[in-house]
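Here is how the chains run, residue by residue.
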Amino acid sequence: MRLLFAFGAVFLSFLPGTLSTKQVPVINGIAGGVPNTDKLLVKGETVSPTVTTPGRLRVVENSGVCETTPGVYQASGYGDLTSTQSIWFWFFAARKNPDTAPLALWFNGGPGSSSMIGLFQEHGPCRITNDSSTVVLNPNSWNTEANVLYIDQPVGVGFSHGDTVVGTSQEAASDVWKFLQIFFADARFAKYQPNPLALWTESYGGHYGPTFAAYFLKQNIAIDAGTVSGKKLNLKVLGIGNGITDPLNQYYGYIVYAGSNPYHMLASSSAISSANSSWSSPGGCKDQITSCYNGGSESICTEAQSYCNALILYLLGRNWDLYDVRQRNPDIYPPDFSTYINSVRTKIGAEVIWNQSNTTVYTNFAFAGDWMRNSAPDLEYVINSGVRTLIYDGDADFIVNYVGVESMVDALQSQFTSAYHSQAWTPYEVHGQVTGQYKAAGTFAYLRIYGAGHEVPAYTIGNLGYGEAALQFFNQITSGNNLTSTCNGPCVAARSSSRTSLSIDTVSFVAQVFLLLVLSRSCLTSLMD
Ligand SMILES: *[C@@H]1O[C@H](CO)[C@@H](O)[C@H](O)[C@H]1NC(C)=O
Ligand SMILES: *[C@@H]1O[C@H](CO)[C@@H](O)[C@H](O)[C@H]1NC(C)=O
Ligand SMILES: *[C@@H]1O[C@H](CO)[C@@H](O)[C@H](O)[C@H]1NC(C)=O
Ligand SMILES: *[C@@H]1O[C@H](CO)[C@@H](O)[C@H](O)[C@H]1NC(C)=O
Ligand SMILES: *[C@@H]1O[C@H](CO)[C@@H](O)[C@H](O)[C@H]1NC(C)=O
């Protein structure tokens with residue numbers, strides 16, 4: 001591994017352009033690389049003032065930051081797991097009917113990335129402006145119809161601070177569960193515990209989501225059995241955007257996507273064939289991930305991460321923004337908000353300087369070999385437990401591209417697998433705009449979003465607003481419903497089937513236009529509800 005690394009570093013020092021660190025840290029020039037150090041266990045970072053209240057929340061209510069819609073409650077602060085481990089949260093009540101609305105949790109990935117990324121760049125009540133100077137209210141915020149709880153985890157990430165010892169998704173799950181016990185024990189938030197709980201996440205959340213959800217469900221079973229004491233979590237929904245879940249089924253997707261995607265080739269044919277041979281040659285990426293899956297040690301899995309990310313992921317993606325292949329590096333969109341968030345830090349009760357990504361946490365995960373482990377069995381368990389699950393992917397993202405994610409989804413073995421495989425793609429329309437295509441079976445669905453990068457809600461699609469398409473699928477799934485096109489869904493499904501039947505030459509073009517008008521009118525009516 002060390003050898004490879006040196007090779008990678010030398011090789012990459014010839015590269016043009018700067019790769020920006022976004023959700024996945026760039027280590028020695030390689031996105032998702034492995035540092036040349038040992039596991040870093042950082043004990044008790046000193047924070048001033050350090051008055052923690054283990055087992056309880058410390059809260060600032062209605063700071064006035066970000067959510068400025070009159071009458072909408074918000075709270076931010078810490079849940080202290082111990083006297084030296086504090087988890088940062090930011091809660092926004094739903095703009096409509098908060099008492100009965102579901103509660104959605106949001107986690108960004110990394111590992112080591114702050115969930116404030118989702119808040120300010122993707123789907124929070126406000127969005128950072130392009131010049132990074134301020135924020136504007138977001139009409140497509142996910143708290144429109146849901147209560148949303150953003151959590152920085154594990155300890156060490158974003159505004160969370162203290163003993164930084166978590167290095168696996170499993171350990172992270174247990175801390176998040178403990179945090180939620182503290183959250184629901186608080187008189188201000190206890191009322192949300194019976195509401196449907198949804199877990200939404202992205203990117204490395206392809207591991208976090210299935211691991212956390214499966215852990216929550218198993219804790220519920222243990223509570224019923226009397227072996228664990230605590231409050232049950234009413235988990236009903238899991239949503240994962242552009243997630244790395246099953247590397248063995250996803251890594252070949254880099255090679256396919258680099259040569260063929262809706263935009264342009266990302267690398268030369270010779271780079272693609274070199275990556276392809278790094279994938280399939282004996283002892284190569286595929287073999288290494290396979291060894292990792294088959295009970296491989298931490299170091300086998302770490303080495304697989306180092307090898308595959310240098311010689312496949314990064315080799316093929318480095319000429320473009322890994323998170324939006326339509327752009328060259330450095331791509332400043334979505335805009336940086338670190339100056340802004342640090343400027344409001346004391347108002348919201350945050351106690352440390354915020355950084356979007358924590359390399360200590362990232363390094364701990366890298367050395368635990370967590371990246372290359374398989375989270376598909378947990379995902380299957382969650383789906384089979386009846387938790388409504390949506391996997392979605394923006395098609396302009398390379399780092400967790402749809403080719404790999406669709407291979408992962410196709411390989412899932414769940415109660416809905418055969419029904420899923422028999423489905424044809426259905427267009428997903430938002431207010432009449434085609435935004436992607438999906439397949440669904442039972443309570444499972446997969447949705448490919450056109451024209452969106454890694455952070456799907458950060459993009460506009462067609463004539464829709466920022467995050468408008470994402471808000472629609474978020475609301476549908478979080479409220480326990482299937483994906484349904486609006487206007488053109490009823491509208492388009494109706495339109496295309498009517499087209500087929502109407503074109504049996506008895507009905508005139510004029511009648512079709514009339515039908516479209518009626519359909520768009522009924523759509524408008526439903527929009528104004
Ligand atoms: C912000 O920047 C993005 C990416 O460059 C661009 O597409 C978008 O139009 C800009 N938005 C505004 C409001 O200027
Ligand atoms: C990362 O976490 C460690 C341990 O909590 C902390 O000492 C360090 O300041 C953090 N680094 C960044 C960049 O946030
Ligand atoms: C990778 O190589 C195999 C043969 O070893 C070939 O069948 C496959 O088409 C190649 N894949 C790509 C995407 O070039
Ligand atoms: C975040 O951490 C990185 C790496 O340690 C550092 O270069 C950067 O300046 C930090 N950003 C902020 C806003 O503190
Ligand atoms: C969702 O679709 C499935 C078929 O895929 C159907 O069985 C189910 O009743 C639908 N659920 C809702 C809430 O509409």
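In the nomenclature of an unreviewed UniProt entry, the protein chain corresponds to Carboxypeptidase from the organism Crepidotus variabilis.

*Asks:* Requested: an account of the overall build of the protein chain, with residues and values cited.
*Replies:* A count of helices and strands for the protein chain gives 17 helices and 16 strands. Counting the 529 residues in the protein chain, one finds 52% classified as buried. Counting only contacts in the protein chain whose residues sit at least 6 apart along the sequence, the fraction spanning at least 24 positions is 73%.

*Asks:* Can you tell me about the site of ligand 5, naming the residues and giving the values?
*Replies:* By nearness alone, every residue bordering ligand 5 is listed as Ala-440, Ala-441, Gly-442, Asn-481 and Asn-482. Tallied by class, residues from the shell around ligand 5 come to two nonpolar, three polar and no charged.

*Asks:* Summarise the nonpolar core; cite the residues concerned and give the values.
*Replies:* Counting residues in each nonpolar core, the largest one holds 149 residues, and the members touching the most others are Ile-312, Leu-316 and Leu-447. Non-local contacts of Leu-447, meaning those with residues more than four positions away in its chain, are made with Leu-390, Tyr-392, Tyr-428, Gly-436, Tyr-438, Phe-473 and Leu-483.

*Asks:* Summarise the pairing of strand S13 (residues 388-394); cite the residues concerned and give the values.
*Replies:* In terms of residue burial, S13 counts as a mostly covered element, since seven of its seven residues are buried. Taking every second residue as pointing to the same face, both faces of S13 are buried, with Arg-388, Leu-390, Tyr-392 and Gly-394 on one and Thr-389, Ile-391 and Asp-393 on the other. Across five bridges, the pairing between strand S12 (residues 235-241) and S13 is parallel. When the bridges of S13 are listed, Gly-239 appears paired with Leu-390. Bridge count between S13 and strand S16 (residues 444-449): six bridges; the pairing is parallel. Counted as the bridge partner of Ile-391 is Tyr-446 from S16.

*Asks:* Would you mind going over helix H3 (residues 169-185) in detail, with residue names and values included?
*Replies:* Taking 1.5 Å per residue as the helical rise, H3 with its 17 residues ought to reach 24 Å, and the 24 Å between its terminal C-alpha atoms agrees with that figure. Buried within H3 we find Ser-169, Ala-172, Ala-173, Asp-175, Val-176, Phe-179, Leu-180, Ile-182 and Phe-183. Structurally, H3 contributes buried residues whose contacts are with strand S3 (57-61), strand S4 (74-82), strand S5 (85-92), strand S9 (147-152) and helix H4 (205-224).

*Asks:* So what about the environment of Thr-363? Which residues, and what values?
*Replies:* Along the chain, the position of Thr-363 falls in helix H11 (residues 359-368). Considered as a pair, Thr-363 and Gly-33 are 330 residues apart in the sequence and their alpha carbons are 9.5 Å apart.

*Asks:* Give a detailed account of the packing of H4 against helix H12 (residues 376-384), specifying residues and quantitative values.
*Replies:* Where H4 meets H12, the closest approach of the two axes is 8 Å, and the angle between their N-to-C directions is 50 degrees. Relative to H12, the element H4 is oriented oblique. With respect to the hand of their crossing, H4 and H12 are arranged in left-handed fashion. Counting all contacts with H4, which are made through Pro-210, Thr-211, Ala-213, Ala-214 and Leu-217, the residues of H12 involved are Asp-378, Leu-379, Tyr-381 and Val-382. In terms of residue class, the contact of H4 with H12 is built from seven nonpolar, one polar and one charged.

*Asks:* Outline helix H7 (residues 269-280), listing residues and values.
*Replies:* For the α-helix, the turn length of 3.6 residues means that residues three or four positions removed from each other point alike. End to end, H7 covers 16 Å across 12 residues, agreeing with the expected 16 Å (1.5 Å per residue, within 8%). Burial in H7 covers these residues: Ile-272, Ala-275 and Asn-276. For H7, the arc enclosing every buried residue in end-on projection is 105 degrees, short of the 170-degree limit, so these residues lie on one face. Elements that come into contact with the buried residues of H7 comprise helix H6 (252-259) and helix H9 (298-317).

*Asks:* Can you lay out the confidence of the model for the protein chain for me, pointing to particular residues and giving the numbers?
*Replies:* For the protein chain, per-residue confidence averages 89 on the pLDDT scale, and residues scoring 70 or more make up 86% of the total. The model gives residues 1-17 a pLDDT under 50, and that stretch makes 25 contacts with residues more than four places away or in other chains. With pLDDT under 50 throughout, residues 492-529 is counted as low confidence; its partners more than four residues away or in other chains account for 22 contacts.

*Asks:* Could you give an account of the environment of Ala-350, with specific residues and numbers?
*Replies:* As for its position among the elements, Ala-350 is in the loop between helix H10 (338-343) and H11. Ala-350 sits 262 residues away from Trp-88 along the chain, and the two C-alpha atoms are 7.7 Å apart.

*Asks:* Go over the environment of Ala-424 with me, naming the residues and quoting the values.
*Replies:* Along the chain, the position of Ala-424 falls in the loop between helix H14 (417-421) and strand S14 (426-430). Here Ala-424 falls in the exposed class, since 6 other C-beta atoms lie within 10 Å of it. The sequence separation of Ala-424 and Tyr-438 amounts to 14 residues, and the corresponding C-alpha distance is 8.4 Å.

*Asks:* Help me get a handle on the packing of H6 against H7, residues and values and all.
*Replies:* Where H6 meets H7, the axes come as close as 10 Å, and the angle between the chain directions of the two elements is 165 degrees. Taken as axis vectors, H6 and H7 run roughly antiparallel relative to one another. The interaxial crossing formed by H6 with H7 has left-handed handedness. Two secondary-structure elements touch here, H6 through Tyr-252, Tyr-254, Ile-255, Ala-258 and Gly-259 and H7 through Ile-272, Ala-275, Asn-276 and Trp-279. Looking at side-chain class alone, the contact of H6 with H7 contains seven nonpolar, two polar and no charged residues.

*Asks:* So, unusual backbone geometry: which residues are in play, and what are the values?
*Replies:* Pro-111 follows Gly-110 through a cis peptide bond whose omega is 0 degrees. On the secondary structure map, Pro-111 appears in the loop between strand S6 (103-107) and helix H2 (116-123). Cis geometry marks the peptide bond from Gln-153 to Pro-154; its omega dihedral reads -10 degrees. In this fold, Pro-154 is placed in the loop between S9 and strand S10 (161-162).

*Asks:* With reference to specific residues and values, describe the pairing of S12.
*Replies:* In terms of burial, S12 is largely enclosed, as seven of its seven residues are buried. Relative to S12, strand S11 (residues 197-202) runs parallel, the two being bridged by six bridges. Bridge pairing in S12 places Glu-202 opposite Gly-241. After leaving S11, the chain enters H4 and then returns to the sheet as S12, a path that is right-handed.

The rules behind the values
Residues numbered from 1 in each chain as written. Chains lettered and ligands numbered in written order. Predicted model: local features only at pLDDT ≥ 70, side-chain atom pairs only at ≥ 80, totals over all residues. Helix = DSSP H or I, 4+ residues; strand = E, 2+ residues; numbered from the N terminus. Buried ≥ 20, exposed ≤ 12 C-beta atoms within 10 Å, placed from the backbone. Contact = placed C-beta atoms within 7 Å. Near = placed C-beta within 6 Å. Nonpolar A, V, L, I, M, F, W, Y, C, P; charged D, E, K, R; others polar. Core = buried A, V, L, I, M, F, W, Y, C linked by C-beta atoms within 7 Å. Pairing = 2+ DSSP bridges. Expected span 1.5 Å × (residues − 1). Axes fitted to C-alpha atoms, helices over the stretch in contact; angles between N-to-C directions. Parallel < 35°, antiparallel > 145°, perpendicular 65-115°, else oblique. Left-handed = near helix turned anticlockwise from the far one by under 90°. Arc of directions from axis to C-beta. pLDDT = per-residue confidence, 0-100. Right-handed = clockwise from strand over helix to strand, strands pointing away.

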